[in-house]
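Descriptive structure summary
Residues per chain, in single letters:
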Amino acid sequence: MNLILMGPPGAGKGTQAQRLEKKFGIIQLSTGDMLRAAVASGSDLGKQAKEIMEAGGLVSDDLIIAMISSRIDEDDCKNGFILDGFPRTTPQAEALDVMLKDKGIQIDHVIEIEVDDDAMVARITGRYTCSGCGAGYHDEFQKPATEGVCDQCGGTEFTRRADDNAETVRSRLDAYHDQTAPILAYYKEKGNLKGVEGMAAIDDVTEQLNGIVG
Ligand code: AMP
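Conventions adopted
- Residues numbered from 1 in each chain as written.
- Predicted model: local features only at pLDDT ≥ 70, side-chain atom pairs only at ≥ 80, totals over all residues.
- Heavy atoms only, no water.
- Salt bridge = Lys/Arg side-chain N within 4 Å of Asp/Glu carboxyl O.
- Buried < 20%, exposed > 50% of the residue type's maximum accessible area, 1.4 Å probe, protein only.
- Helix = DSSP H or I, 4+ residues; strand = E, 2+ residues; numbered from the N terminus.
- Pairing = 2+ DSSP bridges.
- 1 Å grid on protein atoms, 1.4 Å probe; cavity = no way out; pocket = protein on both sides within 12 Å on 5 of 7 lines; lining within 4 Å.
- Points joined across faces, edges and corners; volume = space filled by probe spheres on them.
- Nonpolar A, V, L, I, M, F, W, Y, C, P; charged D, E, K, R; others polar.
- Disulfide = S-S within 2.5 Å.
- Near = heavy atom within 4 Å.
- Polar contact = N/O pair within 3.5 Å; in protein donor to acceptor, adjacent residues only side chain to side chain.
- Areas by Shrake-Rupley, 256 points an atom, 1.4 Å probe, with all protein chains shown as cover.

**Concerning the pattern of salt bridges**
In total, this model carries 13 salt bridges according to the counting rule given. Between Arg71 and Asp76 there is a salt bridge, with the nearest N and O atoms lying 2.8 Å from each other. Exposure remark for Arg71: the relative accessible area of 17% places this residue in the buried category. Between Lys103 and Asp73 there is a salt bridge; the shortest N-O distance is 2.9 Å. In this pair, Lys103 sits in helix 5 (residues 90-103) while Asp73 sits in the loop between helix 4 (61-72) and strand 3 (81-84), placing the two residues 30 residues apart along the sequence. Using a relative accessible area of 26% as the deciding quantity, one classes Lys103 as partly exposed. Looking at Asp73, the relative accessible area reads 44%, which means it is partly exposed.

**Side note on the sheet that holds strand 6 (residues 136-138)**
Pairing within the open sheet is antiparallel, and its 3 strands lie in the order 6-5-7. Only two strands of the sheet have a single neighbouring strand rather than two, namely strand 6 and strand 7 (158-159).

**Considering the layout of surface pockets**
Estimates place the volume of the second largest pocket at around 370 Å³. Taken together, 16 residues form the lining of the second largest pocket, with Gln18, Lys22, Ala135, Gly136 and Gln152 sitting closest to its centre. Looking at the lining of the second largest pocket, the elements that each hand over two or more residues are helix 1 (13-24) and strand 6. The leading source of residues in the lining of the second largest pocket is helix 1, at 6 residues. Across the lining of the second largest pocket, the residue classes tally to 3 nonpolar, 7 polar and 6 charged.

**Brief notes about the state of the cysteines**
Taken as a whole and assessed by the stated rule, the structure comprises 0 disulfides. Note on Cys133: no disulfide assigned, nearest cysteine sulfur contributed by Cys150 at a separation of 3.7 Å.

**Points about the site of the ligand**
With respect to spatial proximity, 16 residues lie near the ligand, and among them Thr31, Arg36, Gly57, Gly85 and Gln92 are the closest. The separation between a nitrogen atom of the ligand and a polar side-chain atom of Thr31 is 2.8 Å. Gly57 is positioned such that a nitrogen or oxygen atom in its backbone is 2.5 Å from an oxygen atom of the ligand. Compared with its free state, where it exposes 480 Å², the ligand has 97% of that area covered by protein. Broken down by element, the residue count for the shell around the ligand peaks at 4 residues, all from helix 2 (residues 31-41).

So, in structure tokens, the structure goes:
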């Protein structure tokens, strides 16, 4: 089972991908997470991506396509994967088609998490992640049961993304509407685009997704 999750920053792609990963045993491939790891490691890729990410722009298609192509070849993707944050431009979507054809792999569902843009700034600026296990939280909408302690691993260290500030979020939303939203028409034409109501509660969105995937 191979999926693409679409939706603007803050739609909940990462949260839902983590849940799908657990339930269906298919791996979450987040190009944003891969780039953040590259930035943290100080690799050449990280050096090239850092400023663009901080400004809320998009990293070059060539770099992203090469990165995801080699990642899909790894063993843990054999059972299936969830693309989260890729493709983000029409050239990426076209390159993905060619790449998957070469690898003999098919995408089963492209799912758009449909949300209101206006709500995304509040969602994004309040979010943070457990440094130990990567579980996602929010200052207002998704607090851990005990303040300061991760529900999943008991960790007490948390991080916030450098690009999760109000100014950068607006650039990221613009990039989504200018460069990513047009891909939805591309997948609609191909006939494998589905939508879920992303303004619903997190568990409701998960149920909608399980209904499509299961
Ligand atoms: P995300 O974690 O998906 O919100 O991505 C964070 C940032 O990484 C984006 O704002 C972009 O700068 C960069 N990025 C992630 N995925 C891609 C992609 N597929 N193409 C170009 N840039 C990307």
